[in-house]
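Commentary on secondary and tertiary structure
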Amino acid sequence: MTHSIYPALRFKKNAKTALQWYCSIFPNSQIIQEHDTALKVQFAGVPFMGINGGPPFTPNPSISFMVICESRTEIDEYWKQLIDGGFGRMELGLYPWSDYYGWLQDQHGFNWQLYLGQLSDVNQQKIVPTLMYCGSYQGQCLAALNFYQTLFKNFQSQGVLKYSEGEYVGQVKHAQFTANDLTLMAMDSGIQQNFEFSEAVSLVIECKDQAEIDYYWNAITLHGTEDQCSWCKDQFGVSWQIVPQNLWEILTNNPHALTALFKMKKLIIQDLLQTK
């Protein structure tokens, strides 16, 4: 049941320009596929999707991207480029968890954490999506991790550190795990936040057949919610897109499939293939 999971970023109307900007910043980056309102890319070898248009969701720090850097010079260069038109949330410097670290929001509203560390600690994955449970989901990180462990057959916890004092004692200070070969991090916020997960950043699950689409859709929406066009939300507020792994091929070969997709909630592969 192993297949890819990757983050998707929603833009108002400038997805391709924005993705090209990111590709110019990170090595080993390129646009892989394009189709109307969506593009599939990789940044530093990590797959992403860019989505154009749709509902105007606003990005926030609830899902950020941890960039693992092995030198201060590398961090400085990323910071200089990514902060252009954006702003710093935590300025570069020494922190208890890293000798050199900073958090910024870029010109498109997406959040990046630059961390001095070792790629060997994150399975050689340069960019790690990081989930922060806050707002009405504060304190639910551990429950979410337990759910994801049951959801993904290929799941491995790589450590959970809890707050040992203060208001959030016992909640998750930092966790790292892999789900279907993607490394992710997760935490409960250490301070009260006035935001929670936004559909501006979602996680895509590519499925090999209808049975897998049914499995993930049913499991996530059992205590979550259904939305349109392959989108659903789990009980912890995280948005997912459940799609067939050959969706791009289907949309390219059948010009009417996109219209059918817009009318669906859970995607039905056979209906996408047969739409005329």
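Residues numbered from 1 in each chain as written. Predicted model: local features only at pLDDT ≥ 70, side-chain atom pairs only at ≥ 80, totals over all residues. Heavy atoms only, no water.

As a further point, take the side chain of Lys126. As for its position among the elements, Lys126 is in the loop between strand 8 (111-116) and strand 9 (127-133). At 2.7 Å, the side chain of Lys126 forms a polar contact with the backbone oxygen of Ile68. A polar contact of 2.2 Å, which involves the side chain of Lys126, links it to the side chain of Glu74. Discounting chain neighbours no more than four positions away, the residues touching Lys126 are Ala44, Val46, Met66, Val67, Ile68, Cys69, Glu74, Tyr78 and Leu119. (Helix = DSSP H or I, 4+ residues; strand = E, 2+ residues; numbered from the N terminus. Polar contact = N/O pair within 3.5 Å; in protein donor to acceptor, adjacent residues only side chain to side chain. Contact = heavy atoms within 4.5 Å.)

The next thing to look at is the sheet that holds strand 6 (residues 87-95). Strands sit in the order 6-7-8-5-9-12-11-10 across an open sheet of 8 strands; the sheet is mixed. With one partner strand each, in any of the chains shown, strand 6 and strand 10 (155-162) form the two edges of the open sheet. For this sheet, the mean angle separating the axes of adjacent strands, direction not counted, is 20 degrees. Here strand 6 runs beside strand 7 (residues 98-105); their pairing, made up of 5 bridges, is antiparallel. Residue pairing across strands places Met90 opposite Trp103, the latter belonging to strand 7. (Pairing = 2+ DSSP bridges. Axes fitted to C-alpha atoms, helices over the stretch in contact; angles between N-to-C directions.)

With that out of the way, let us pick up the packing of aromatic side chains. Aromatic ring pairs are defined here through the distance separating the ring centres and the angle between the ring planes. Going through the model one piece at a time under the given rule, you end up with 23 aromatic pairs. Seen in terms of ring centroids, Tyr22 and Trp112 are 5.6 Å apart; in terms of plane orientation they differ by 50 degrees. Their pairing is tilted. Taken together, the positions of Tyr22 in helix 1 (residues 15-25) and Trp112 in strand 8 put the pair 90 residues apart, joining distant regions of the chain. Residue classification places Tyr22 among the buried residues on the basis of a relative accessible area of 0%. With centroids separated by 5.7 Å and ring planes inclined at 40 degrees, the aromatic side chains of Phe152 and Tyr216 adopt a geometry described as tilted. Remark: Tyr216 occurs in helix 4 (residues 210-221) and Phe152 occurs in the loop between helix 3 (141-151) and strand 10; sequence separation between them is 64 residues. By the burial criterion, Phe152 is buried, and Tyr216 matches it. Joined through ring pairs, the aromatic side chains of Phe147, Tyr148, Phe152, Phe155, Phe177, Tyr215, Tyr216, Phe236 and Trp240 make up one cluster. The aromatic ring of Tyr100 is capped on one face by Arg72, whose charged end is 4.8 Å from the ring centroid. (Phe/Tyr/Trp six-rings, centres within 6.5 Å; stacked < 30°, edge-to-face > 60°. Buried < 20%, exposed > 50% of the residue type's maximum accessible area, 1.4 Å probe, protein only. Lys NZ or Arg CZ within 6 Å of the ring centre and 35° of its normal.)

Now for the packing of helix 1 against helix 2 (residues 72-82). One can describe the packing of helix 1 onto helix 2 by two numbers: an axis separation of 10 Å at closest approach and a directional angle of 160 degrees. Taken together, the axes of helix 1 and helix 2 are roughly antiparallel relative to one another. Helix-helix and strand crossings are classified by hand; for helix 1 and helix 2 the assignment is right-handed. Residues Trp21, Tyr22, Ser24 and Ile25 of helix 1 pack against Tyr78, Gln81 and Leu82 of helix 2. (Parallel < 35°, antiparallel > 145°, perpendicular 65-115°, else oblique. Left-handed = near helix turned anticlockwise from the far one by under 90°.)

Our focus in this paragraph is the pairing of strand 9. Counting buried positions along strand 9 yields 7 of 7 residues, so the element is predominantly enclosed. Side-chain alternation along strand 9 places Ile127, Pro129, Leu131 and Tyr133 on one buried face and Val128, Thr130 and Met132 on a second face that is also buried. Sheet topology places strand 5 (residues 63-69) next to strand 9; 5 bridges connect them, and they run antiparallel. Opposite Phe65, over in strand 9, you have Pro129 as the bridge partner. Across 4 bridges, the pairing between strand 9 and strand 12 (residues 182-188) is parallel. Within strand 12, the position partnered with Thr130 by the bridge is Met185.

Scanning the entire structure with this criterion turns up 5 salt bridges. With its nearest N and O atoms 3.3 Å apart, the salt bridge here joins Glu34 to Lys16. Residue Glu34 is found in strand 2 (residues 30-35), and its partner Lys16 is found in helix 1; the two are separated by 18 residues along the sequence. Judged by its relative accessible area of 36%, Lys16 falls in the partly exposed class. (Salt bridge = Lys/Arg side-chain N within 4 Å of Asp/Glu carboxyl O.)

None of this, on its own, says anything about what the molecule does.
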